[in-house]
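# Structural overview for review
The residues making up each chain are set out below.
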Amino acid sequence: MKDAWIAPSVLSADFARLGEDVTRVLEAGADLVHFDVMDNHYVPNLTIGPLVCEALRKFGIQAPIDVHLMVKPVDRIVPDFIAAGANYITFHPEASDHVDRTLQLIRDSGCRSGLVFNPATPLGHLSHVMDKVDMVLLMSVNPGFGGQAFIDGTLDKLRHARRLIDESGRDIRLEVDGGVKVDNIGAIAAAGADTFVAGSAIFGSKDYRAIIDAMREAIDKARS
Ligand code: DX5
Ligand code: ZN
């Protein structure tokens, strides 16, 4: 089983002090930085792009950056994020006309690639590209906003994705995104996730370390 990674979503960070806030959350024990990119087209919200990713690198952030693209089209912006210092780039298959090509574009540039599945999107997109993904991300809310409630049906879908990954024998992380809190993260871990995005639960608290420690404890308990 892979080490559990906690990935705070910068969507809920203090954008006016982003460098400091991301530094604080990493010092509090976070493993990777989840970077939500929204275009007011694929999703009904507008956030941040490659310039902000690059600014975090220039500020001195060295942790891996996990770019979650909620944009359409996808391919045009991929090289910009690679140049800006992304380590993982995940995208929604509905947003790309040529999913295999987009995965290769990401991988060929030395970045790790992943597919993101909305709550109503079946996992079938994976079947012919399992060898080209490093991350499978299941949305446990509809994409576009932080602070929404976890959709319980994601637990069954996680178990299904876990089986597919295990059967493939490949080195693929299983990430979950949306509504992840201290009180449900144990069940999410038990269903097979190893990478946990949390925005409002972490950045909305005063003590980042206390929340991250409590999340890790719940994950360890669920796994033991
Ligand atoms: C939603 C984003 C999430 C969001 C999660 O479209 O992809 O990463 O920030 O926020 P919480 O943890 O508040 O649900
Ligand atoms: Zn996200």
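Provided above is the structure to which this section pertains.
Residues numbered from 1 in each chain as written. Chains lettered and ligands numbered in written order. Predicted model: local features only at pLDDT ≥ 70, side-chain atom pairs only at ≥ 80, totals over all residues. Heavy atoms only, no water.

## Brief notes about the overall build of the protein
Regarding its fold elements, the protein presents eight helices and eight strands. The C-alpha atoms of the protein give a radius of gyration of 16 Å, which matches the 17 Å a tight globule of 224 residues would have. By residue count, 54% of the 224 residues in the protein fall in the buried class. Contacts in the protein between residues far apart in sequence, at least 24 positions, make up 63% of those at least 6 positions apart. If you sum the accessible surface of the protein, you get close to 9,900 Å²; carbon and sulfur atoms cover 50% of it. (Helix = DSSP H or I, 4+ residues; strand = E, 2+ residues; numbered from the N terminus. Rg over C-alpha atoms; globule rule 2.2 N^0.38 Å. Buried < 20%, exposed > 50% of the residue type's maximum accessible area, 1.4 Å probe, protein only. Contact = heavy atoms within 4.5 Å. Areas by Shrake-Rupley, 256 points an atom, 1.4 Å probe, with all protein chains shown as cover.)

## Regarding the packing of helix H1 (residues 18-27) against helix H2 (residues 50-59)
At a minimum axis distance of 10 Å, the contact between H1 and H2 shows a crossing angle of 65 degrees. Judged on the interaxial angle alone, H2 and H1 are roughly perpendicular. The way H1 lies across H2 gives a crossing that is right-handed. Contacts between H1 and H2 involve Leu18, Gly19, Glu20, Val22 and Thr23 from the first element and Val52, Leu56 and Phe59 from the second. (Axes fitted to C-alpha atoms, helices over the stretch in contact; angles between N-to-C directions. Parallel < 35°, antiparallel > 145°, perpendicular 65-115°, else oblique. Left-handed = near helix turned anticlockwise from the far one by under 90°.)

## Observations concerning the site of ligand 1
Of all residues adjacent to ligand 1, which total 20 residues, the nearest are Ser9, Asp36, Asp177, Gly199 and Ser200. One of the side-chain N or O atoms of Asp36 is found 2.7 Å from an oxygen atom in ligand 1. Between ligand 1 and Gly199, the relevant distance is 2.7 Å, taken from an oxygen atom to a main-chain nitrogen or oxygen of the residue. Taking 380 Å² as the accessible area of ligand 1 by itself, protein coverage stands at 100%. If you list the elements that add at least two residues to the shell around ligand 1, you get strand E2 (33-38), strand E3 (65-70) and strand E8 (195-198). It is E2 that provides the largest number of residues to the shell around ligand 1, a total of three residues. (Near = heavy atom within 4 Å. Polar contact = N/O pair within 3.5 Å; in protein donor to acceptor, adjacent residues only side chain to side chain.)

## What to know about the environment of Met70
With respect to the helices and strands, the residue Met70 is situated in strand E3. When the C-alpha positions of Met70 and Pro44 are compared, they lie 9.8 Å apart, and in sequence the two are 26 residues distant. Leaving out residues up to four positions away in the same chain, Met70 has contacts with Asp36, Val37, Met38, Asp39, Tyr42, Val43, His92, Pro143 and Gly144.

## Concerning the pairing of E3
On a regular strand, each side chain points to the face opposite its neighbour's, so the side chains alternate between the two faces of the sheet. Counting buried residues along E3, six of its six residues qualify, which places the element largely inside the surrounding structure. Of the two faces of E3, the one lined by Ile65, Val67 and Leu69 and the one lined by Asp66, His68 and Met70 are each fully buried. In terms of strand pairing, E2 meets E3 through six bridges, oriented parallel. Within E3, the position partnered with Val37 by the bridge is Leu69. (Pairing = 2+ DSSP bridges.)

## Some remarks on the packing of aromatic side chains
Summed over all chains, the structure comprises three aromatic pairs. Where Trp5 meets Tyr88, the ring centres are 6.3 Å apart and the plane angle is 80 degrees; that geometry is what we call edge-to-face. Here Tyr88 lies in strand E4 (residues 88-91) and Trp5 lies in strand E1 (residues 5-8), a separation of 83 residues in the sequence. The class for Trp5 is partly exposed, based on a relative accessible area of 22%. Accessibility expressed as a relative area gives 6% for Tyr88, which makes it buried. With a centroid separation of 6.1 Å and 70 degrees between ring planes, the pair formed by Phe35 and Phe81 is classed as edge-to-face. With a gap of 46 residues between them, Phe35 in strand E2 and Phe81 in helix H3 (residues 78-83) connect regions that are remote in the sequence. Neither residue differs from the other here; Phe35 and Phe81 are each classed as buried. Cation over ring: Arg173 sits above Trp5, and NZ or CZ is 3.6 Å from the ring centre. (Phe/Tyr/Trp six-rings, centres within 6.5 Å; stacked < 30°, edge-to-face > 60°. Lys NZ or Arg CZ within 6 Å of the ring centre and 35° of its normal.)

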